[in-house]
Amino acid sequence: MAPLIDTSVTHLLAQGEGLVTKVLPTWVLPPGLVVLAALAGAAYVGYNYYRERGMAGWKMRAGLGLIRFALLAIVVLMLYGWMRHRHKTDLPDLVIAIDDSESMAIEDQYPSEQLRTAVAQLLASASLSKPTRLHLAQALLVENDGELLARLRERYNLKFFRLGGSARVLSGEGDVLDRLRQLEPQQPTSELGSGLRDILETQRGRPTAAMILLTDGITTVGRSLSEAAEYARRKNVPLYVVGLGNEEPARDLRLTDLLASEMVFVDDVANFDVKLSAEGFDGESVVVRLKREDQAGVLDEQTVVLQGPGAQSVRLSHRPGETGEFEYTVEVEQRKGEINFENNRQSQQVAVRDETIRVLLAQGYPNYEFRYLKSLLGRQLKKSDPAAKSIELTTVLQEADLAYATQDETAERLFPVNREELFRYDVLILGDLDPSMLSKSSLQDISDFVQEHGGGVVFIAGPRSMPMQYRDTPLESLFPFSIDLASAPPPDATILDSFRMVPTPLGLATAPFQLGNSDSDSYETWRKLPGMYWMLETADLRPAARVLAEHPTRTGADGRRLPVILMQYVGAGKVVTHLTEETWRWRFRAGDYYFARYWIQLIRYLSRVKLLGQSRQAELTLDRSDGAYRRGDPVYVRLRFVDERQAPPQEDGVTIILEREGGRRKNVQLAHDPSNRGVFETTLSNLAEGSYRIWVATPTLEGKPPAERFVVTAPPGETARVEMDAADLRRAATVSRGKFYQVANVNRLLDDLPDGRQVRIESLPPEPVWNHWGFPLAFVGLIVAEWLLRKRAGML
């Protein structure tokens, strides 16, 4: 008698082979005949026990009838001639693909304490420490000495692939557990969709039950997993996707587009404007700090309340107290949960210089404005005061006596009558001068000083002549308003009401108005400065006029506040006009502090070209020094004229040519920065991948035009998007008729996997089952049981 279950051949199975066993009859009776015979036998047995005499009840008779029927059934089963047929099979393939791209090195911060605990336990079971995505994938496969893989090998032929920049068979030294532990996230791109198709192609002709993907779903090149999942469905290979990582947007703080002047005067305000972007920190406050690389302290800081994913502008300011070349860094504090700390800082090289500026201060009569300005700019100051070595002053007072010029070392008897002599100055401060005491050629020289030479002029309005007496003179075009519609208070009027001028947003962004060490300090300072009384009124401004400060309450016919300080670019130069002559009142209870700071900064602002030197006409810069951009990144372009006199006066006077390598050229106009005469800028968006070159087309500059090169590449990079793409992974699983898992429910994977199709490769000799010793044993046992029951019931 052959045994019913024989395990003697299982040790002969090679890896990837299985054994399929089926028990089949040798001959087959018609089913209808078998049923009819069974009914007839049951009826016969039942009838005999019904008719049989004895004291047994109906329950006993029914039990005996069932035993008799079971005996007949054993006989019928043995008549079928049951045989056991065994076949060696090729187990279906189960493909396991592990993403080894760089994004799998990310250590996620999970929001749930329960999930964090589950991740920690999983890593501990695999003797792994860091909660990177790749370590999670490795832990799922190698935990408990590869228990999961061992159970899978009982059902499938396992194949392992690495899936990153391409699909590659998992290779290396040692067994598969060792090779899995040796995996490193080094692939710079993720071509998940293309890699999936490549794996399916290698499986062509092989029975494949399913594919397990362990990935974060981030695709940076080619089609996504969900797009390739349709191909997997056509191949009848369901995808069982294990999503690794946190699907919530990554928490990240990022500083970009740092803009700062490359050169400043010592003790001037140097502004550092930067864009702060945040994800995952809405409503939280962070501190942005300004530092100098060679110093340990913080130069300035600002607390910013984060508001959504859009970029917020942040300005930090500093007054350098010494000359030299310094590396300044703007950084935002690191916060818990950030993935990338490298984008938390931006640096800029700044040259701090101390140049002597030649100033001509001219006034008709010695009013207070003239006296205090002369005292400020001309007196011998302490070396610690930057005005002492940065201002070289010359004064002209029209109503001075003959001895004035000999007694005051700054004084000249006459206004410069020689054009070359006038052009030696950097800044002219012209108060209430009598134009009748100036020659027509001198007035024309002043106009040329601004428009052609690129000099800076400050006009200070006064009650006698400036600007009302300059109608129909060469200076009329320099004023940022119409003289005909300007009006001054009557000479004999008593003015009792004071006003405190209010800087406009443009004014606060301009260097002379930065009286504090930060924008907020400057704003508060302007609110507290002493008031003024006398003011020239005008509301008819020229189109190019820019209002820097205005009256707090008084308005013109159009409802806009009346200007107090104005600026405009005229030709190559700058003109600032004060419609009051009472800035000296700022000295009340403050001495020269604010009065001096404003005027020194204004003079430096008007002579900025002297600071920048003449080594080059203009420089074209990008917001990224390495010129490396990713697809979708904006490219910020800025053209700065070193000599502001070279800057075109038109708002759209600068055009650059954008050329893609192997493509067409495109003209791009730059917009003028309203707060900086020599700066034009634009942003290039939606650029395709490729190498680009830009250069200045207009205006025409001497020598080779400024040019820059940059590259736009795809993909956006493995760390451009760091959150797990759970949506795409779910779509991929659904389309392929598989399932999606995360760490919290991955334990269901083993039970959900399909059995797959096994292919027979060898048939073993059949073994009879009908003559198994169990059948006669059962037959004899039933007969003995029936005899004993009948005897007990008195039916023998």
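Just so you know, these numbers come straight off a predicted model, no measurement behind them.

Student: Whenever I open this one, helix α14 (residues 519-528) confuses me. Can you help?
Tutor: Owing to its 3.6 residues per turn, the α-helix brings residues three or four apart onto one side. Among the residues making up α14, those that are buried are Ser 522, Thr 525 and Trp 526. Viewed along the axis of α14, the buried residues span an arc of 95 degrees, placing them on a single side of the element. Contacts from the buried residues of α14 go to β21 (502-503), α13 (505-508) and α15 (593-606).

Student: Sorry if this is basic, but what is going on with the pattern of salt bridges here?
Tutor: Close approach of charged atoms allows side chains of opposite charge to pair. Tallying each qualifying case throughout the model produces 34 salt bridges. Note that Arg 731 is salt-bridged to Asp 728, the shortest N-O span being 3.3 Å. With a gap of three residues between them, Arg 731 and Asp 728 both fall in helix α17 (residues 726-735), about one helical turn apart. Exposure remark for Arg 731: the relative accessible area of 45% places this residue in the partly exposed category. Among the ionic contacts, a cluster of salt bridges with common partners joins Lys 291, Glu 293, Glu 331 and Arg 345.

Student: So what exactly am I meant to see when it comes to the sheet that holds strand β9 (residues 263-265) here?
Tutor: Remark on secondary structure: sheet strands pair via backbone hydrogen bonds, oriented parallel or antiparallel. Read across the sheet, five strands follow the order β9-β15-β14-β11-β12 without closing on themselves; strand pairing throughout is mixed. A single partner strand is all that each edge strand has here, and the edge strands are β9 and β12 (298-305). When the angles between neighbouring strand axes are averaged without regard to direction, this sheet yields 25 degrees. Bridge analysis of strand β11 (residues 285-292) against strand β14 (residues 324-332) gives five bridges, and the strand direction is antiparallel. Looking across to β14, one finds that Arg 289 is bridged to Glu 331.

Student: For this particular structure, what's the right way to read the packing of helix α2 (residues 58-79) against helix α19 (residues 774-792)?
Tutor: A pair of packed helices is captured by two measures, namely the crossing angle of their axes and the spacing between those axes. It is the contact of α2 with α19, at a shortest axis distance of 10 Å, that shows an interaxial angle of 160 degrees. Comparing their axes, α19 and α2 come out roughly antiparallel. Crossing geometry of α2 relative to α19 is assigned as left-handed. Along the contact surface, α2 presents Met 60, Leu 64, Ile 67, Arg 68, Ala 70, Leu 71, Ile 74, Val 75 and Met 78, while α19 presents Phe 775, Ala 778, Phe 779, Leu 782, Ile 783, Ala 785, Glu 786, Leu 789 and Arg 790. Taken together, the residues of the contact of α2 with α19 break down into 15 nonpolar, no polar and three charged.

Student: I keep staring at the packing of helix α6 (residues 192-202) against helix α7 (residues 225-234) and nothing clicks. Help me out?
Tutor: The interhelical angle for the contact between α6 and α7, taken along N-to-C directions, is 15 degrees, at an axis separation of 8 Å. Put simply, α6 runs roughly parallel to α7. Read as a crossing pair, α6 and α7 show a hand that is right-handed. In this structure, α6 contributes Leu 192, Gly 193, Leu 196, Arg 197, Leu 200 and Glu 201 to the contact, and α7 contributes Leu 225, Ala 228, Ala 229, Tyr 231, Ala 232 and Arg 234. Of the residues that constitute the contact of α6 with α7, the class distribution is eight nonpolar, one polar and three charged.

Student: Hey, could you run me through the packing of aromatic side chains in this one?
Tutor: Each aromatic ring pair is specified by the distance between its two centres and by the angle formed by the two planes. One pass over the full model with this rule turns up 19 aromatic pairs. When the centroid spacing of 6.4 Å and the interplanar angle of 15 degrees are considered together, the rings of Tyr 368 and Tyr 372 count as stacked. Taken together, the residues span about one helical turn, with Tyr 368 and Tyr 372 both in helix α8 (residues 368-378) at a distance of four residues. Assessed through its relative accessible area of 44%, Tyr 368 is described here as partly exposed. Exposure remark for Tyr 372: the relative accessible area of 26% places this residue in the partly exposed category. Taken together, Phe 513, Trp 526, Trp 586, Tyr 598 and Trp 599 form an aromatic cluster joined through their ring pairs.

Thresholds, definitions, all that
- Residues numbered from 1 in each chain as written.
- Predicted model: local features only at pLDDT ≥ 70, side-chain atom pairs only at ≥ 80, totals over all residues.
- Heavy atoms only, no water.
- Buried < 20%, exposed > 50% of the residue type's maximum accessible area, 1.4 Å probe, protein only.
- Helix = DSSP H or I, 4+ residues; strand = E, 2+ residues; numbered from the N terminus.
- Arc of directions from axis to C-beta.
- Contact = heavy atoms within 4.5 Å.
- Salt bridge = Lys/Arg side-chain N within 4 Å of Asp/Glu carboxyl O.
- Pairing = 2+ DSSP bridges.
- Axes fitted to C-alpha atoms, helices over the stretch in contact; angles between N-to-C directions.
- Parallel < 35°, antiparallel > 145°, perpendicular 65-115°, else oblique.
- Left-handed = near helix turned anticlockwise from the far one by under 90°.
- Nonpolar A, V, L, I, M, F, W, Y, C, P; charged D, E, K, R; others polar.
- Phe/Tyr/Trp six-rings, centres within 6.5 Å; stacked < 30°, edge-to-face > 60°.

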